Amino acid sequence: MLIIGRLFKSLFLCDDMERIILKGGTVVRGGGSVMADIAVRGGVIERIADDITVGAGDRAIDCAGRIVASGLVDLHVHLREPGFSAKETIATGTAAAARGGFTTVCAMPNLDPAPDSTENLRRERDIIARDAKIKVLPYATITLGRKGERSVDFAALKPYVAGFSDDGSGVQSDAAMRTAMTEAAALDCIIAAHCEVNELLRGGYIHDGEYAALHGHKGICSESEWRQIERDIELAAATGCRYHVCHISTKESVALIREAKRSGVRITCETGPHYLTMCDMDLKEEGRFKMNPPIRSAADRDALLEGVQDGTIDVIATDHAPHTAEEKSRGLAGSAMGVVGLETSFAVIYTKLVLTGVITPEKMIDLMSEAPRRIFSLGGGLAEGEAADIAVFDTDREFAVDPATFLSKGRSTPFEGWRLRGDCVLTMSDGRIVYER
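Thresholds, definitions, all that
- Numbers given to residues run from 1 along each chain, matching the order in which its sequence is written.
- Thresholds applied to this predicted model are a pLDDT of at least 70 for local features of residues and 80 or more for the giving and counting of side-chain atom pairs; totals over whole chains, interfaces and linings are not thresholded and use all residues.
- Water and hydrogen atoms play no part in the side-chain values, which are based on all heavy atoms of the structure.
- Comment: elements are numbered from the N terminus, with helices defined as DSSP H or I runs of at least four residues and strands as E runs of at least two.
- Contact between two residues is taken to exist if any of their heavy atoms lie within 4.5 Å; hydrogens are not considered.
- Lines fitted to C-alpha atoms define the axes, with helix axes restricted to the stretch in contact, and inter-axis angles between N-to-C directions lie between 0 and 180 degrees.
- Angles are sorted into four bins: roughly parallel if under 35 degrees, roughly antiparallel if over 145, roughly perpendicular if 65 to 115, and oblique for all others.
- Less than a right angle of anticlockwise turn of the near helix away from the far helix marks a crossing as left-handed, whereas a clockwise turn marks it as right-handed.
- Note on residue classes: Ala, Val, Leu, Ile, Met, Phe, Trp, Tyr, Cys and Pro are nonpolar, Asp, Glu, Lys and Arg are charged, and everything else, Gly too, is polar.
- Each residue gets one of three labels from its accessible area relative to the maximum for its type: buried under 20%, exposed over 50%, partly exposed in between, using a 1.4 Å probe on protein chains only.
- Note on pairing: DSSP must find at least two bridges between two strands before they are called paired.
- What makes a nonpolar core is a set of buried Ala, Val, Leu, Ile, Met, Phe, Trp, Tyr and Cys residues whose side-chain atoms join them at distances within 4.5 Å.
- Any helix carries an expected span of 1.5 Å times its number of residues minus one.
- Working definition: the arc comes from the directions between the helix axis and the C-beta atoms, pointing outward to the latter.

Asker: Which residues make up the environment of Ile191, and what are the values?
Answerer: Its location among the elements puts Ile191 in strand E9 (residues 190–193). Separated by 14 residues in the primary sequence, Ile191 and Tyr205 have C-alpha atoms spaced 26 Å apart. Sequence-distant contacts of Ile191, that is, excluding residues within four places in its chain, are made with Ile142, Phe154, Phe164, Met177, Ala180, Met181, Ala184, Cys241, Arg242, Tyr243 and His244.

The following block contains the structure:
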């Protein structure tokens, strides 16, 4: 079981034994939807039923016309502490997550010091225990210092982490990755891989496609991603490792993962909202369109959408990666890699995929909440007796994305100015209201 620090004490906290009843919402769970009430007491879901009676002392919250779901889970966020608090902090990042309807996030290890030992990891966990407004599960690194060489002590770190990742760096050595996967498999740990072949990058910083050619930019070829996925699939098949591929962006990656699943490899994957809704011809000469992997071609976007529909892609994760305003002010060529996404993710997917009929609301909740819980054995979900990690969304409310209103320190988003529908109005973590519009 994961050892998790105590969570943030919100100003909105209710008494632990006060009963909160979410009335009349559309409860989405397990691939279905039903109109129901949810009663919460003592941090857990006490009852889900039709027309629960509101007693004296109960607090009733009207959820009519709104989606009520298990709190969203983001398997891929950068909270930047310790080491880079000018970009983001545990406090600001989890405030942004709660506002977006997330009750659990998994924090990537691009930190200083890197969480490659229990001592280094303790520094991150102490900040989480002090400042987090929701559940934060850190990743440990795969290799010491994220250098792609010697493996960390998986057994010592496993009780404290969601999984193991060298995110931001692909493990270049075949032998090092084989060793890591063998050791992880023996302990049933998840390797969550950032897949990138360094020698194929060639100084690129956006997709090696039409936009790059038209505007004289250096491109990142698709092979830099899918070639390492191809290698890792072979290693995962040989070792039996649980292998999760981070932020896939290419049509070749989708095809490789689809075939690997058919072959029985223990593989799952994620992609991000920007890869599902944009292509390289949507780029502008601004840092807010620069991330790694890059937004790719329309053909890649369409393959990703097909992968979401047929189950090849298991999870939608934001890769929330805040930087300072100065770091994102240098255009496509000079800006730092990374954009924010926690406060826009639900609305982007609801507007661009659900309202257009690409997926159902039930599929969206699976991709953004239920599947990550299953894959990473996080527990929870909308069921009696489970922790009351719940989000409520107003899917009728339309708004324009305005980064100036973000709770995250990061302001760089490719969705700036987009008109979207689907706004989180309430987030509960362990029965405590941590965000309320």
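Asker: Provide a residue-level description of the packing of helix H1 (residues 90–99) against helix H2 (residues 118–131), including the pertinent values.
Answerer: Running from amino to carboxyl end, H1 crosses H2 at an angle of 55°, the nearest separation of the two axes being 9 Å. Comparing the axis directions of H1 and H2 gives the class oblique. Helix-helix and strand crossings are classified by hand; for H1 and H2 the assignment is right-handed. Listed contacts from H2 to Ile90, Ala91 and Thr94 of H1 are Ile127, Ile128 and Asp131. Residue composition of the contact of H1 with H2, by class: four nonpolar, one polar and one charged.

Asker: Could you give me a rundown of the packing of helix H4 (residues 174–187) against helix H6 (residues 223–239), with the residues and numbers involved?
Answerer: Close contact between H4 and H6 brings their axes to 9 Å; oriented N to C, the two are set at 40°. One way to sum up the angle between H4 and H6 is to call them oblique. Every pair of crossing elements has a handedness; the one defined by H4 and H6 is right-handed. Between H4, through Asp174, Met177, Arg178, Met181, Thr182 and Ala185, and H6, the contact on the second element is made entirely by Arg231, Asp232, Leu235, Ala236, Ala238 and Thr239. Classifying every residue of the contact of H4 with H6 gives six nonpolar, two polar and four charged.

Asker: Lay out the side chain of Thr344 in plain terms, naming residues and giving numbers.
Answerer: Inspection of the secondary structure assignment puts Thr344 in the loop between helix H10 (331–334) and helix H11 (345–354). Relative accessible area serves as the criterion here: at 4%, Thr344 is assigned to the buried category. Ignoring sequence-local partners within four residues, the contact set of Thr344 consists of Val401, Phe406 and Phe415.

Asker: An account of the pairing of strand E8 (residues 135–138) is requested, with residue identities and associated values reported.
Answerer: Of the two faces of E8, both are covered, the one formed by Lys135 and Leu137 as well as the one formed by Val136 and Pro138. Pairing between strand E7 (residues 102–107) and E8: four bridges, direction parallel. Counterpart to Thr104 in the pairing with E8 is Lys135.

Asker: Please provide a residue-by-residue account of the nonpolar core, values included.
Answerer: If you look at the biggest cluster of nonpolar residues, it comprises 91 residues, and the most contacted ones within it are Val105, Phe164, Ile191, Tyr243, Val245, Ile248 and Met364. Considering every element that reaches this core, the biggest residue donor is H11, with seven residues. With 19 residues, the next largest nonpolar core counts Val27, Ala36, Leu382 and Ile433 among its residues.

Asker: How would you explain helix H7 (residues 251–262) if you had to name every residue and give the values?
Answerer: The end-to-end C-alpha separation of H7 is 17 Å, in line with the 16 Å expected for twelve residues at 1.5 Å each. Of the positions making up H7, those classed as buried are Ser253, Val254, Ile257, Arg258 and Ala260. Each buried residue of H7 lies within a common arc of 165° when the element is viewed along its axis, so the set occupies one face. Its buried side turned inward, H7 meets H6, strand E12 (242–245), strand E13 (267–271) and helix H9 (298–310). Of the residues one or two after H7, Gly264 is the one with positive phi, at around 90°.

Asker: Can you break down unusual backbone geometry residue by residue, with the values?
Answerer: A cis geometry characterises the amide bond from Asp112 onward to Pro113, with omega recorded as 5°. With respect to the element layout, Pro113 can be found in the loop between E7 and H2. One non-glycine residue, Asp51, lies in positive phi territory at about 50°. For Asp51, the location among the structural elements is in the loop between strand E3 (44–49) and strand E4 (59–62). Phi at Arg146 is positive, roughly 55°, even though this residue is not glycine.

Asker: I'd like a description of the sheet that holds E9, backed by residues and values.
Answerer: Sheet architecture is open: four strands sit in the order E9-E12-E13-E14, paired in parallel fashion. Sheet topology places E9 and strand E14 (315–316) at the edges, where each strand pairs with a single neighbour. Sheet topology note: the E9/E12 ladder contains four bridges and is parallel. From the neighbouring strand, Ala192 faces E12, where its bridge partner is His244.

Asker: Tell me what's going on with the sheet that holds strand E6 (residues 72–77), and back it up with residues and numbers.
Answerer: Taken in spatial order, the three strands of this open sheet run E6-E7-E8, and their pairing is parallel. Across the chains shown, the open sheet's two edge strands, defined by having one partner strand only, are E6 and E8. The average undirected angle you get between the axes of adjacent strands in this sheet is 20°. Pairing geometry for E6 and E7, over four bridges, is parallel. Each bridged residue has a counterpart across the sheet, and for Val77 the counterpart in E7 is Ala107. Lying over the sheet, H2 contacts E7 and E8, oriented at roughly 175° with respect to E8.

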